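Chain and residue survey
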Amino acid sequence: MSTTSRTTTLLLVRHGQTVWHAENRYAGVSDVGLTEEGRAQAEALGRWAAAHPVDAIWTSTMSRAVATAEPACRALGLVPHREPGLRECDFGVLEGRTLAEFERENPVRAKAYRADPVSYPFPEAEDPRTAAARGTRALRRAADAHPGRRVLVVAHNTLLRLVLCKALSVPLGEYRRVLPGLRNGAVTEMRMEDGAAALISLNVPCEP
């Protein structure tokens, strides 16, 4: 894809580390705060934004995403657009728990999830296909609102992996294998033009 005035650069960032992620616990719709390391990752993102300015900042409505974006907003004098469509997936009964804990009580369902997390999501969880669709619509709104510009998007690990797969025509059920994880505070660059997407870089750290 050639870079033209109609091509929007989306700089996707997973929020900083939270107290649950430090223990590998699923944090979806639960509003969990950043750890000290997570706040340091947010400050590093702010320094990166100062050196690589963007034209707009969009965040999930979750406080961990807003807090991660705050140093970048401060550095650039921007007010973030809080987008509900960028919120993390609801993990149902796994909220606040680890996959290992779930596997001990329901090994059959855990095995099915590992094989195909889209066909066999956690009990009471949001359908990953629904999450992928809403996340994709949110990114398209960001691209349409800022054509030809650079937009920093701070959101969540599972949602962004699903959106990347959908945008790049990767089967959604493969998202955990193809994209094992987005690193907290790292930048993934994607370009969008007329709804088509191209992945430019993945998991680039803000600082060495």
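The following paragraphs examine the structure supplied in this document. (Residues numbered from 1 in each chain as written. Predicted model: local features only at pLDDT ≥ 70, side-chain atom pairs only at ≥ 80, totals over all residues. Heavy atoms only, no water.)

**Considering the sheet that holds strand β2 (residues 56-59)**
Sheet architecture is open: six strands sit in the order β3-β2-β4-β1-β5-β6, paired in mixed fashion. Looking at strand neighbours, the two that pair on one side only are β3 (81-82) and β6 (196-204), the edges of this open sheet. As defined by bridge partners, strand β1 (residues 8-14) adjoins strand β5 (residues 187-193) across six bridges and the pair is classed as antiparallel. Within β5, the residue paired with T8 across the bridge is M192. Strands in contact with helix α5 (residues 128-145) are β1, β2, β4 (150-155) and β5; relative to β1, the strand with the most contacts, it is inclined by about 135°. (Pairing = 2+ DSSP bridges. Helix = DSSP H or I, 4+ residues; strand = E, 2+ residues; numbered from the N terminus. Contact = heavy atoms within 4.5 Å. Axes fitted to C-alpha atoms, helices over the stretch in contact; angles between N-to-C directions.)

**A word on the nonpolar core**
Of all hydrophobic cores here, the largest spans 36 residues; its most connected members are L10, L12, L86, F122, L139, V153 and L162. For this core, the secondary structure elements donating two or more residues are β1, β2, α3 (99-105), α4 (107-115), α5, β4, α6 (157-167) and β5. Not counting chain neighbours up to four residues away, the residues in contact with L86 comprise W58, T59, S60, R134, A138, L139, V153, A155, H156 and L159. Counting residues in each nonpolar core, the second largest holds 16 residues, with W48, L152, V154 and C206 among its members. (Core = buried A, V, L, I, M, F, W, Y, C linked by side-chain atoms within 4.5 Å. Buried < 20%, exposed > 50% of the residue type's maximum accessible area, 1.4 Å probe, protein only.)

**Describing the pairing of β1**
Residues in a regular strand point their side chains to alternate faces of the sheet. The buried fraction of β1 amounts to seven of the seven residues, a majority that puts the element mostly inside the structure. The two faces of β1 match: T8, L10, L12 and R14 on one face and T9, L11 and V13 on the other face are all buried. Here β1 pairs with β4 via six bridges, running parallel. Bridged to L10 within β4 is V151.

**Notes on α4**
Buried residues of α4: A110, A112 and Y113, and no others. The buried residues of α4 occupy an angular sector of 160° when the element is viewed end-on, so they sit on one face. Summarising the geometry of α4, the exposed residues directed more than 90 degrees from the buried face are V108, K111 and A115. Tucked inside the fold, the buried residues of α4 contact α3 and α7 (175-178). (Arc of directions from axis to C-beta.)

**Here we look at the side chain of E189**
With respect to the helices and strands, E189 occurs in strand β5. The buried category is assigned to E189, whose relative accessible area is 15%. In terms of polar contacts, E189 uses its side chain to reach the side chain of R191, at 3.1 Å. Discounting chain neighbours no more than four positions away, the residues touching E189 are T9, L10, L11, A198, L199, I200 and S201. (Polar contact = N/O pair within 3.5 Å; in protein donor to acceptor, adjacent residues only side chain to side chain.)

**Some words on empty space enclosed by the protein**
In this approach a probe as big as a water molecule rolls over the atoms, and the regions it shows empty are the leftover space. This model, assessed by the stated rule, comprises one cavity of 30 Å³ or more. As a volume, the largest cavity reaches approximately 80 Å³. Within the lining of the largest cavity, the residues separate by chemical class into 10 nonpolar, one polar and two charged. (1 Å grid on protein atoms, 1.4 Å probe; cavity = no way out; pocket = protein on both sides within 12 Å on 5 of 7 lines; lining within 4 Å. Points joined across faces, edges and corners; volume = space filled by probe spheres on them. Nonpolar A, V, L, I, M, F, W, Y, C, P; charged D, E, K, R; others polar.)

**With respect to the pattern of salt bridges**
If you walk through the whole model with that rule in mind, you get 14 salt bridges. With a closest N to O distance of 2.5 Å, D194 and R6 form a salt bridge. Placement of D194 in the loop between β5 and β6 and of R6 in the segment before β1 is noted, with a sequence separation of 188 residues between them. Just as D194 is exposed, R6 falls in that class too. For E83, the salt bridge identified is with R141, shortest N-O distance 2.8 Å. Separated by 58 residues along the polypeptide, E83 in the loop between β3 and α3 and R141 in helix α5 bring together distant segments of the chain. Taking the relative accessible area as the measure of exposure, E83 reaches 7% and is therefore buried. In this structure, a network of salt bridges that share partners links the residues E23, R25 and E101. (Salt bridge = Lys/Arg side-chain N within 4 Å of Asp/Glu carboxyl O.)

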